[in-house]
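Letter by letter, the chains look like this.
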Amino acid sequence: MNTQSTPVHIHLWHRDFWLMAMANLLLSVAVYILIPVLPHWLMLTENFSPLDVGISMGAFGVGLFLLGSFTSFMVQHYRRNMACVWFVLLMAASLGGLYWLDSQKALFCEMPLILLQRLAMGATFGIAQMILTSTLIIDTCESFQRTEANHSAAWFGRFALSIGPMAGVILDRLSGFNAVILTSIGCTLTAVILILMVHFPFRTPEERISIVSLDRFFLPQGWPLFVNLVLITFVVGMLLSTGLDELFYAMMMVGFLLALLAQRFVFRDAELKSEVVSGLVLTGAALLMMLTRQQSIVAFASPMFIGLGLGVIGSRFLLFFIKLSRHCQRGTSQSTFMLGWESGIALGLGMGYAVCYGHTDRLLEVSLAVTILALLLYNFLTHKWFLAHKNR
């Protein structure tokens, strides 16, 4: 059998790695905390249409790609930790702009301003994440621990997908939209402090650095994996546009925890294809339950299945990107995975509000169809392509 597992090194979990992993968690929470509350604020307070909201949420995904080609230049020309810090601060500033728009009570909140804010937030978050995951996190560990470091740090960002929206729902109910924005800003500023607490030695800049480059940005040879990943996270984004409550996100977290256990005990010696196939089957089963069943158990089981499926799929696809990369392309593979993950969610959110808002059954049917498409694409094309092109 073609199997693959990730070893565990206890020495990886030292102070600097913990600080970087927590910075990754907080940076992701700062984005995901807005998912359940920003669209409602735009529609109920600012009188945006569902189409406008969908375009605004999707604009974040476009923003992710705007500054990525400058990542290598920023890392090599400036101190890499300070480059990350400045972009996180710019992300905090874009959130501050959203807070200011809310304080104006609809006097200046027009569609172009919201689009600009979402594009700026996506651009600054994207390049900050690229620097953090492609450079800073792996710089805190030994070379033989880097695959495990990538794998483990990514789980902190994955947990944010349940922690962030759950916190947003609760804070919005208790204290309003302003509290959500301030918490998001607080997460970014705390992430800055954590990054500054780690010492990164100065590196002499390389000569003839290209200002625009695909290095640490996008892995062209990984496009089939990228497309398949976007389809999978698109389904998640569609679901997140349906106005879910905190129970859904709490059970999704349970599913993530089960995915960690499953990776260690269920899929440890399983065939390489089994994780992604099992994850997509679990996701499809969850969608079918939500579409055809009304029992109370569905509210617990379906989000748990989604968390379990997404957890094992995300971990395996990340390792696929790493195995696909050539020498010195590890950072590029991390950024490509992040772009596929985040842009798929943003695209799903945008389509959910713009096309399926108020029609939950239609949304679930589309999500199920996309899940089946992703499963067929992976099983018959992507997996075979990966085996033929992997480099590690």
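Above this text is the structure in question.
These numbers were taken from a predicted model, which means no experiment stands behind them.

Participant: Provide a residue-level description of unusual backbone geometry, including the pertinent values.
Facilitator: Even without glycine at this site, Asn47 takes up a positive phi of about 60°. By the element assignment, Asn47 lies in the loop between helix 2 (38-45) and helix 3 (50-63). Phi is positive for Arg216, close to 60°, though the residue is something other than glycine. When you line up the elements, Arg216 lands in the loop between helix 8 (177-196) and helix 9 (223-240). The class of Arg216 is buried, set by a relative accessible area of 18%.

Participant: Lay out the pattern of salt bridges in plain terms, naming residues and giving numbers.
Facilitator: A side chain of one charge can pair with a side chain of the opposite charge when the charged atoms of the two come close. One pass over the structure, following the stated rule, counts 5 salt bridges. Two residues, Asp16 and Arg15, come together in a salt bridge whose shortest N-O distance is 3.1 Å. Note on Arg15: relative accessible area 49%, which makes it partly exposed. In this structure, Arg173 and Glu246 form a salt bridge, with 2.9 Å as the shortest nitrogen-oxygen distance. Here Arg173 is found in helix 7 (residues 146-175), whereas its partner Glu246 is found in helix 10 (residues 246-266), with 73 residues between them in sequence. On the basis of relative accessibility, which here comes to 52%, the residue Arg173 falls in the exposed class. Accessibility expressed as a relative area gives 24% for Glu246, which makes it partly exposed.

Participant: Tell me about the layout of surface pockets, and name the residues and values.
Facilitator: For the largest pocket, the calculated volume is near 300 Å³. Lining the largest pocket are 14 residues, and of these Ile138, Arg146, Arg216, Cys328 and Gly331 sit closest to its centre. Counting only elements with at least two residues in the lining of the largest pocket, the list comes to helix 6 (111-139) and helix 13 (330-356). The biggest single contributor to the lining of the largest pocket is helix 6, with 4 residues. Broken down by class, the residue content of the lining of the largest pocket amounts to 2 nonpolar, 5 polar and 7 charged.

Cut-off values and rules
- Residues numbered from 1 in each chain as written.
- Predicted model: local features only at pLDDT ≥ 70, side-chain atom pairs only at ≥ 80, totals over all residues.
- Heavy atoms only, no water.
- Helix = DSSP H or I, 4+ residues; strand = E, 2+ residues; numbered from the N terminus.
- Buried < 20%, exposed > 50% of the residue type's maximum accessible area, 1.4 Å probe, protein only.
- Salt bridge = Lys/Arg side-chain N within 4 Å of Asp/Glu carboxyl O.
- 1 Å grid on protein atoms, 1.4 Å probe; cavity = no way out; pocket = protein on both sides within 12 Å on 5 of 7 lines; lining within 4 Å.
- Points joined across faces, edges and corners; volume = space filled by probe spheres on them.
- Nonpolar A, V, L, I, M, F, W, Y, C, P; charged D, E, K, R; others polar.

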